[in-house]
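Understanding the architecture of this molecule
Here's the letter readout for the chains.
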Amino acid sequence: MVVMKFGGSSVGDSDRIKNVCDIIKSKLDEKPVVVLSAMKGITDKLIDTAKAAASGEDVSKELKELREKHNSTLKELGLEGGLVDEQLEGYNKVVDKIFEMKLTNPELMDEVQSYGERMSVRIVAAYLSKIGIKAKAFDAFDIGMITTPDYGKAEPLPDTEEKIAMELAKVKEIPVVTGFIGKDTAGNITTMGRGGSDYTAAILGAALGDVTEIWTDVNGILTADPRVVKKARTIDKVSFNEASELAYFGARVLHPKTIWPAIKKNLAVKVLNSFEPSNKGTTIVGKVEKTKDIIKAIACKKGITLIHIVSTRMLMAYGFLSRIFSVFEDYKKSIDMVSTSEVSVSLTVDDDADLDKIKEDLEGVADVEIFKDKSIVSVVGEGMSNVPGVSGRIFSALGKENVNVEVISQGAYEINVSFIVDKKDADKAVKVLHKEFFD
Ligand code: ADP
Ligand code: ASP
Ligand code: MG
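Residues numbered from 1 in each chain as written. Chains lettered and ligands numbered in written order. Predicted model: local features only at pLDDT ≥ 70, side-chain atom pairs only at ≥ 80, totals over all residues. Heavy atoms only, no water.

Closest axis-to-axis distance for the helix α12 (residues 390–400)/helix α13 (residues 426–438) pair is 9 Å, and the angle between their directions is 125°. Of the possible angle classes, the one that applies to α12 and α13 is oblique. As α12 packs across α13, the resulting crossing turns out to be right-handed. For the pair α12 and α13, the contacting residues are Val390, Arg393, Ile394, Ala397 and Leu398 in the first and Ala429, Val432, Leu433, Glu436 and Phe437 in the second. Here the residues of the contact of α12 with α13 sort into eight nonpolar, no polar and two charged. (Axes fitted to C-alpha atoms, helices over the stretch in contact; angles between N-to-C directions. Helix = DSSP H or I, 4+ residues; strand = E, 2+ residues; numbered from the N terminus. Parallel < 35°, antiparallel > 145°, perpendicular 65-115°, else oblique. Left-handed = near helix turned anticlockwise from the far one by under 90°. Contact = heavy atoms within 4.5 Å. Nonpolar A, V, L, I, M, F, W, Y, C, P; charged D, E, K, R; others polar.)

Relative to the assigned elements, Glu213 resides in strand β8 (residues 211–216). The class of Glu213 is buried, set by a relative accessible area of 3%. Spatially, the C-alpha atom of Glu213 lies 46 Å from that of Val343, the residues being 130 residues apart in sequence. Separated by 2.9 Å, the side chains of Glu213 and Trp215 make a polar contact. (Buried < 20%, exposed > 50% of the residue type's maximum accessible area, 1.4 Å probe, protein only. Polar contact = N/O pair within 3.5 Å; in protein donor to acceptor, adjacent residues only side chain to side chain.)

Glancing now at the side chain of Thr191. Following the sequence through the fold, Thr191 ends up in strand β7 (residues 189–191). Given a relative accessible area of 1%, Thr191 falls into the buried group.

Our focus in this paragraph is the sheet that holds strand β16 (residues 408–410). One open sheet accounts for six strands, arranged β13-β14-β12-β15-β17-β16; its pairing is antiparallel. Looking at which strands have only one partner, the edges of the open sheet turn out to be β13 (337–340) and β16. Shown here is a sheet whose adjacent strand axes are inclined to one another by a mean of 30°, direction ignored. With seven bridges connecting them, strand β15 (residues 366–380) and strand β17 (residues 416–422) associate as antiparallel partners. The partner of Lys374 across the bridge, within β17, is Asp422. Most of the contacts of α12 go to β17, to which it runs at about 20°, and overall it touches β15, β16 and β17. Strands in contact with α13 are β12 (297–311), β15 and β17; relative to β12, the strand with the most contacts, it is inclined by about 125°. (Pairing = 2+ DSSP bridges.)

With that settled, the discussion passes to the site of ligand 2. Around ligand 2, the surrounding shell consists of Ser37, Ala38, Thr43, Glu117, Phe180, Arg194, Gly195, Gly196 and Ser197. Interatomic distance of 2.7 Å between a side-chain N/O atom of Arg194 and an oxygen atom of ligand 2. Here an oxygen atom of ligand 2 and a backbone polar atom of Gly196 are 3.4 Å apart. When the residues that make up the shell around ligand 2 are grouped by side-chain class, the tally is two nonpolar, five polar and two charged. (Near = heavy atom within 4 Å.)

Moving on, we get to the site of ligand 1. If you check the shell around ligand 1, you find 18 residues, and the closest are Thr216, Leu222, Asp225, Arg227 and Arg252. The backbone of Leu222 places a nitrogen or oxygen atom 2.8 Å from a nitrogen atom of ligand 1. Here an oxygen atom of ligand 1 and a backbone polar atom of Val253 are 3.4 Å apart. Here ligand 1 loses 91% of its free accessible area of 570 Å² to cover by the protein chains. Of the residues in the shell around ligand 1, the class split is eight nonpolar, five polar and five charged. (Areas by Shrake-Rupley, 256 points an atom, 1.4 Å probe, with all protein chains shown as cover.)

Quick look at helix α7 (residues 197–208) now. In this model, α7 (twelve residues) spans 17 Å end to end at C-alpha, consistent with the 16 Å of a helix rising 1.5 Å per residue. In terms of burial, α7 is largely enclosed, as eleven of its twelve residues are buried. Those residues of α7 that sit buried are Ser197, Asp198, Tyr199, Thr200, Ala201, Ala202, Ile203, Leu204, Gly205, Ala206 and Ala207. (Expected span 1.5 Å × (residues − 1).)

Moving on, we come to the nonpolar core. If you look at the biggest cluster of nonpolar residues, it comprises 49 residues, and the most contacted ones within it are Phe6, Tyr91 and Val176. Elements with a minimum of two residues in this core: β1 (2–6), α1 (14–25), β2 (32–36), α2 (42–54), α3 (60–76), α4 (85–101), α5 (106–130) and β5 (174–178). At eleven residues, α5 tops the list of elements feeding residues into this core. Discounting chain neighbours no more than four positions away, the residues touching Tyr91 are Lys45, Leu46, Thr49, Ala50, Leu63, Leu66, Val112 and Tyr115. (Core = buried A, V, L, I, M, F, W, Y, C linked by side-chain atoms within 4.5 Å.)

The side chains of a regular strand alternate, residue by residue, between the two faces of the sheet. Along strand β14 (residues 344–349), five of the six residues are buried, which leaves the element largely enclosed by surrounding structure. When β12 meets β14, the two strands line up antiparallel, connected through six bridges. Counted as the bridge partner of Val310 is Ser344 from β14. Counting the residues that bridge the hairpin from β13 to β14 gives three residues.

Purely geometric numbers; function is a separate question.
Set out below in structure tokens:
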């Protein structure tokens, strides 16, 4: 079997959907299980419309546009008009509720976002059936995707993979499953965070013990984001560790958690291009042979907040770090990057929720300064670990081009060097380093 996940741009309109169905058709002998994102732009629209309703705006135009987008796709595919009416109604209802309450919350926002995937799977399954491939749409929670109630960052419960394997074994048709969403044990809808369909696919891959294919709009994992570096090129093979670091530090092509289920069972994940299906893309595996490349890729994560924390009680230095991290833990705040000295810590977070409260709690033991609009740039590659002078090359290349670097951090495995720059310098830093290492 093979799990094939298609992202939003791969199912962006009726032509793209036809293309995806052709790709699925060409792999029928591998018994595909299909995982889908919402159609391109739909998740954003579902969110923006709900937020506008929460602030009391009239959103009837937006609701109509959502309905028309899905209905016109159905029409262009020659499918029955009312196919996703139930989902559109469900969405309208939750938006009405938000409008009446004039507020929203993480639980409601997860339900809001779930409708995109719930519609795309129904459309694609119906079209597959229409062209003679027996397929059936599933909401992931109906085939065992039960998660923690952490809205916006839900995690599957420990026995999820076994349940999914059992449920999928009963399905005779080609399953077309919603990415991104699940339900908690109370029956509320949850999501795994933006881009989470990749994670769903990998969970299904692990459940079935098979390869997961992430079909997207570029030829695999490239040496940098091709939107920033035009000359970026495909990397044939990367290791789980390298792919994890790249995804975690901003290579949007993979959701950061995609590799977790694969690592546990040592299963390959491939990244392929639905716009160019014959391209070999990238294969992610446990270990890759050494190549002459010292580094594999450069990633960049924007919208970062940098926090400098300086101890006000130097004599308590031995308990300082644990005090600080426990405050972040209290607010379930994940930290991206850390750099420490005996009495100070610099760290970064990627969302500003609760920052004021965190600052207040920390101020008993430390002086706290917060800087917004920063970016983390990361240079990643296992080849770095036994080549001296890579950091020197990185920072002298940046220095020559006057890119100001603020905080530097190197992981213990020596497979990445990360540093902070101002948001305005981020693309320039990526370009300079791509030129240094790949041109
Ligand atoms: P999908 O809709 O298929 O999930 P995404 O937009 O989430 O697609 O991810 C694909 C995008 O990731 C690409 O279009 C590209 O701009 C971006 N990207 C960022 N870094 C990289 C990289 N190193 N390699 C490939 N793509 C990258
Ligand atoms: N549709 C969701 C998003 O736009 C999940 C995904 O595409 O993976 O974030
Ligand atoms: Mg994605």
